[in-house]
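Residue-level structural notes
Here are the chains, one letter per residue:
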Amino acid sequence: DVEVCPTPPSITGNTPQDQTIASGQTATLTVTATGAQTYQWYEGATPITGQTAPSFTTPALTATRAYSVRVSNGCSPVMSRTATITVLNLAAPTGLSAIANGTSSISISWSASAGAHHYVLERKSNGSAFTTLQAVTGTSFLDSGVVANRTYVYRVRAVSSSETASSSPSNMDMATTMVFSPL
């Protein structure tokens, strides 16, 4: 008796796709294949136990990893392309400083974070929660949307160019716009 193997499965398109994620996030990889009956996902050259479906969600990642999948129809396995999941680890900006310029503005500055494309400056006052004030490409900002006799607290986060990763917040600093009455 001669067993005839079916035509090998075919992986369609450029799947699975490379992705970029922030540290601590997961990525979902999918392969599109015709004629496949079984799937086995790999991290590097190591099979991942229990990952035998067309889609696979990584665990939370803190470092860049490579994944591929073997598809088979019983006797003709085909390996997919290797998808690289790049993990961005952005350090929080440091040295944030807020200085009131009288009653009309507050100057905020901080030290740059390696790998940051831009920064998101956040502000709160009067016991409110932090809200986004401005996306900034440099390392300083003049906040002229302030009112007299109020204390403002600032912090900033570094953000990647694709906006898939952002750092934890910087240190906080506060400044108070004061009105002084003549004696």
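Conventions used here
Residues numbered from 1 in each chain as written. Predicted model: local features only at pLDDT ≥ 70, side-chain atom pairs only at ≥ 80, totals over all residues. Heavy atoms only, no water. Helix = DSSP H or I, 4+ residues; strand = E, 2+ residues; numbered from the N terminus. Buried < 20%, exposed > 50% of the residue type's maximum accessible area, 1.4 Å probe, protein only. Contact = heavy atoms within 4.5 Å. Areas by Shrake-Rupley, 256 points an atom, 1.4 Å probe, with all protein chains shown as cover. Lys, Arg positive; Asp, Glu negative; His and termini not counted. Charge placed at Lys NZ, Arg CZ, Asp CG, Glu CD. Phe/Tyr/Trp six-rings, centres within 6.5 Å; stacked < 30°, edge-to-face > 60°. Lys NZ or Arg CZ within 6 Å of the ring centre and 35° of its normal. Core = buried A, V, L, I, M, F, W, Y, C linked by side-chain atoms within 4.5 Å. Pairing = 2+ DSSP bridges. Axes fitted to C-alpha atoms, helices over the stretch in contact; angles between N-to-C directions. Salt bridge = Lys/Arg side-chain N within 4 Å of Asp/Glu carboxyl O.

**Considering the overall build of the chain**
Check the secondary structure of the chain and you find 0 helices and 17 strands. Taken along its principal axes, the extent of the C-alpha atoms in the chain is 110 × 25 × 25 Å. Taking all 183 residues of the chain together, 33% fall into the buried category. Across the chain, contacts joining residues at least 24 apart in sequence account for 60% of those joining residues at least 6 apart. Surface exposure of the chain reaches about 9900 Å², of which carbon and sulfur atoms provide 52%. Seen as two clouds, the 8 positive and the 8 negative side-chain charges of the chain have centres 13 Å apart.

**As for the packing of aromatic side chains**
Counted under the stated rule, the structure contains 3 aromatic pairs. Ring pairs connect the aromatic residues Trp-41, Phe-56 and Tyr-67, which therefore count as one cluster. Here the basic side chain of Arg-155 rests over the ring of Phe-130, its NZ or CZ set 3.9 Å away from the ring centre.

**Quick look at the nonpolar core**
Ranked by size, the top nonpolar core spans 17 residues in total, and within it Leu-96, Ile-106, Ile-108, Trp-110, Leu-121 and Tyr-154 carry the most contacts. Looking at this core, the elements with two or more residues in it are strand E12 (105–109), strand E13 (118–125) and strand E16 (150–159). The biggest single contributor to this core is E16, with 4 residues. In this structure Leu-96 touches Ile-108, Ser-109, Trp-110, Leu-121, Tyr-154, Arg-155, Val-156, Ser-170, Asn-171, Met-172 and Asp-173, once residues within four positions along its chain are discounted.

**Some thoughts on the sheet that holds strand E11 (residues 97–101)**
Strand order in the open sheet made by the 3 strands is E11-E12-E15, with antiparallel pairing throughout. The open sheet has two edge strands, E11 and strand E15 (140–143), and neither has a second partner. Averaged over all adjacent pairs, the angle separating strand axes in this sheet is 15 degrees, with direction ignored. Across 4 bridges, E12 lies against E15 in antiparallel orientation. Bridge pairing links Ile-108 to Phe-141 in E15.

**Quick notes on unusual backbone geometry**
Between Thr-15 and the following residue, Pro-16, the backbone shows a cis peptide bond with an omega angle of -5 degrees. Locating Pro-16 in the fold gives a position in the loop between strand E1 (10–11) and strand E2 (19–22). For Asn-126, which is not glycine, the phi dihedral falls at a positive 55 degrees. One non-glycine residue, Asn-149, lies in positive phi territory at about 60 degrees.

**Examining the pattern of salt bridges**
For the structure on display, the rule yields 5 salt bridges. One salt bridge connects Arg-81 with Asp-18, and the closest N-O pair in it is separated by 3.3 Å. Of this pair, Arg-81 sits in the loop between strand E9 (78–79) and strand E10 (83–88) while Asp-18 sits in the loop between E1 and E2, and the two are 63 residues apart along the sequence. Here Arg-81 falls in the partly exposed class, since its relative accessible area comes to 27%. With relative accessibility at 43%, the residue Asp-18 sits in the partly exposed group. The partner of Arg-123 in a salt bridge is Asp-143, with the nearest N and O atoms 2.7 Å apart. Separated by 20 residues along the polypeptide, Arg-123 in strand E13 and Asp-143 in strand E15 bring together distant segments of the chain. For the pair formed by Arg-123 and Asp-143, the shared burial category is buried. One network of salt bridges, with partners in common, ties together Glu-122, Arg-155 and Arg-157.

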